[in-house]
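Topology and contacts: notes
What follows is the residue order along each chain.
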Amino acid sequence: MRLLQIDINDEGIRHFLRKYMTVPKMDFSPIDFRSTYSTWVRFPRTGLRCLSAGTVTDFEWKDYGPAVFRHLQELDNIDYDEYMLSICGYETLKSICSSGKNNKLLYLPHDGRFVIKPLRKSEMKVLLEMLPTYFHHVQRYGKTLLNKIYGLHVVRPDGGIKAYFSVMRNIFHSDLCIHKRFALKGSSQRRSCSRVVIDEATTFKDQDLDFVFYLDPSTRHQVLTQIKHDCEFLEAAGIMGYSFLLGLHVGTPCQDLEGSPTQKNSLLNEYSRTCEEQVSTPDNNYQQPHTHRPNNLGVEMPARAVRLQRNETHPKVNTRECYNVFLYFGIINTFQGYNVLKRIEHAYKSIQYDSRSISAVNPGVYSTRFQDFLCKVFPIDDSDFQAVQTKETRDDPL
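Predicted model only: the values in this text are computed from it and were never measured.

Section: unusual backbone geometry
For Glu300, which is not glycine, the phi dihedral falls at a positive 50°. By the secondary structure assignment, Glu300 is in the loop between α8 (261-274) and β12 (301-307). Relative accessible area serves as the criterion here: at 1%, Glu300 is assigned to the buried category. Positive phi, close to 60°, is recorded for Asn333, a residue that is not glycine. With respect to the secondary-structure elements, Asn333 resides in the loop between β13 (321-332) and α9 (340-352).

Structure representation (structure tokens):
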């Protein structure tokens, strides 16, 4: 076990990382997926302010599959030195170790690129078991909507308890304001937000969703096809309980035109061309968009959002509002296997509720319901329905 003394203001850590950390490679053996790397991270007390007596500054650190994750980082052009500097800060390690059973995401405000997900030991075991197939899935599908995992780690303060966590891409990392967030599972039992105070950081659930989103037909097909591939992977891995994390940046209001399909398409296409120049948000919280359009599924995707009356099932009826939006989305929380506890939960809740409405169902049922629900979230644009109905019936993966 190597001793690594980190001074927060010391750039010498970069030289250490380049010299001693695992060099990424292209071909991996089963040993690479099971390998670990352990070290001690020691923060000098003189470099930290306002430390009370007994404050821990030494942490045992363990990397799982370091070479594998180095390669996954390189696929997304992530500099390993910057990655380690982002997650090895004293305040970050202290927050991870004090999170206990709190399973909430920890955002890293100084760069915003990554989020840290505290894990139970059982969740860490599931991730390690699926790591080889996850790695090959990500390599095969470069535009996968599974949230990218950049590292699996364990940290233990000197004399304390181990804390397991993963480091993932922040789906909402953008210079645009995310006005509303949803975590969608396709189930309805207890799937509404219970928070009393609502703000822009509030994450709503399935029953709170009062929008449908119209994408360009070819984009919709790409998105639903990739969701199909990703769900097939999760079903084969025995995973359920995952969510579709969706955020929207609300731009210019648009008319819900009753004109021809060409008129409606031209409205969306015109917005796609001009949104880089000017976006006016309803709350006047304006931020300049990127100067170039990302080429990844689920990243800053232009769409037309139609707000529906509560409990309506058909988007043509009583439309209230229509906005041009940017969407950010991905599939998160892919850590839960359909284990004994989930089987018991399914049996118990099935007695009380409709078994189709509960979250705890087997991976096959979960996958099908999840995809069916997202087909309704991203419906075929009614203006294009006649033109694409035959093609969608023949080609739509869902």
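Moving on from the coordinates now.
A look at the packing of helix α3 (residues 66-75) against helix α6 (residues 121-140)
Where α3 meets α6, the axes come as close as 11 Å, and the angle between the chain directions of the two elements is 20°. On the basis of the axis angle, α3 is roughly parallel to α6. The handedness of the crossing between α3 and α6 is left-handed. Listed contacts from α6 to Val68, Phe69, His71, Leu72 and Leu75 of α3 are Leu131, Tyr134, Phe135, Val138 and Gln139. In terms of residue class, the contact of α3 with α6 is built from eight nonpolar, two polar and no charged.

Topic: helix α4 (residues 80-87)
Judged by how many residues are buried, α4 sits mostly within the fold: six of eight residues are covered. Those residues of α4 lying buried are Tyr80, Asp81, Tyr83, Met84, Ser86 and Ile87. Residue Asp79 occupies the N-cap position of α4, its side-chain oxygen lying 3.1 Å from the main-chain nitrogen of Asp81.

Thoughts on the packing of aromatic side chains
Under the counting rule described, the total for this entry stands at 18 aromatic pairs. Here Phe182 and Phe204 contribute two aromatic rings whose centre-to-centre distance is 5.8 Å and whose plane-to-plane angle is 45°, an arrangement assigned as tilted. Highlighted residues: Phe182 in strand β8 (residues 180-184) and Phe204 in strand β9 (residues 203-204), separated in sequence by 22 residues. The two residues Phe182 and Phe204 agree in class, both being buried. Taken together, a centroid distance of 6.5 Å and an interplanar angle of 65° make the contact between Phe244 and Phe370 edge-to-face. With Phe244 in strand β11 (residues 243-253) and Phe370 in helix α10 (residues 363-377), the pair connects residues that are 126 residues apart, well separated along the chain.

Observations regarding helix α7 (residues 217-236)
The end-to-end C-alpha distance of α7 is 29 Å, a good match for the 28 Å that 20 residues give at a rise of 1.5 Å each. Among the residues of α7, Thr219, Arg220, Val223, Leu224, Gln226, Ile227, Asp230, Cys231, Phe233 and Leu234 are the ones counted as buried. Once α7 ends, the next one or two residues include Gly238, with phi positive near 75°.

Quick notes on empty space enclosed by the protein
Summed over the entire model, instances satisfying the criterion amount to four cavities of 30 Å³ or more. The computed volume of the largest cavity comes to approximately 80 Å³. What lines the largest cavity is Leu105, Tyr107, Val115, Asn147, Met168, Arg169, Asn170, Ile171, Phe172, Leu245, Ile332 and Asn333. Split by residue class, the lining of the largest cavity holds eight nonpolar, three polar and one charged. The residues that make up the lining of the largest cavity include at least three from each of domain 1 (11-169) and domain 2 (180-254 + 296-310 + 319-388). Size it by volume and the second largest cavity reaches roughly 60 Å³. What lines the second largest cavity is a set of 13 residues, among which Asp63, Pro66, Phe69, Gln73 and His153 lie closest to the centre. Put simply, the parts of the chain that give the lining of the second largest cavity at least two residues each are β3 (58-64), α3, α4 and β6 (149-157). Here the residues of the lining of the second largest cavity are counted per class, giving seven nonpolar, four polar and two charged.

Considering the packing of α7 against α10
Closest axis-to-axis distance for the α7/α10 pair is 9 Å, and the angle between their directions is 170°. Here α10 runs roughly antiparallel to α7, going by the angle between their axes. Where α7 abuts α10, its residues Arg220, Leu224, Ile227, Lys228, Cys231 and Glu235 lie against Pro363, Gly364, Ser367, Phe370, Gln371, Leu374 and Cys375. Here the residues of the contact of α7 with α10 are counted per class, giving seven nonpolar, three polar and three charged.

Definitions and cut-offs
- Residues numbered from 1 in each chain as written.
- Predicted model: local features only at pLDDT ≥ 70, side-chain atom pairs only at ≥ 80, totals over all residues.
- Heavy atoms only, no water.
- Helix = DSSP H or I, 4+ residues; strand = E, 2+ residues; numbered from the N terminus.
- Buried < 20%, exposed > 50% of the residue type's maximum accessible area, 1.4 Å probe, protein only.
- Axes fitted to C-alpha atoms, helices over the stretch in contact; angles between N-to-C directions.
- Parallel < 35°, antiparallel > 145°, perpendicular 65-115°, else oblique.
- Left-handed = near helix turned anticlockwise from the far one by under 90°.
- Contact = heavy atoms within 4.5 Å.
- Nonpolar A, V, L, I, M, F, W, Y, C, P; charged D, E, K, R; others polar.
- Polar contact = N/O pair within 3.5 Å; in protein donor to acceptor, adjacent residues only side chain to side chain.
- Phe/Tyr/Trp six-rings, centres within 6.5 Å; stacked < 30°, edge-to-face > 60°.
- Expected span 1.5 Å × (residues − 1).
- 1 Å grid on protein atoms, 1.4 Å probe; cavity = no way out; pocket = protein on both sides within 12 Å on 5 of 7 lines; lining within 4 Å.
- Points joined across faces, edges and corners; volume = space filled by probe spheres on them.
- Domains from an automatic or database assignment.

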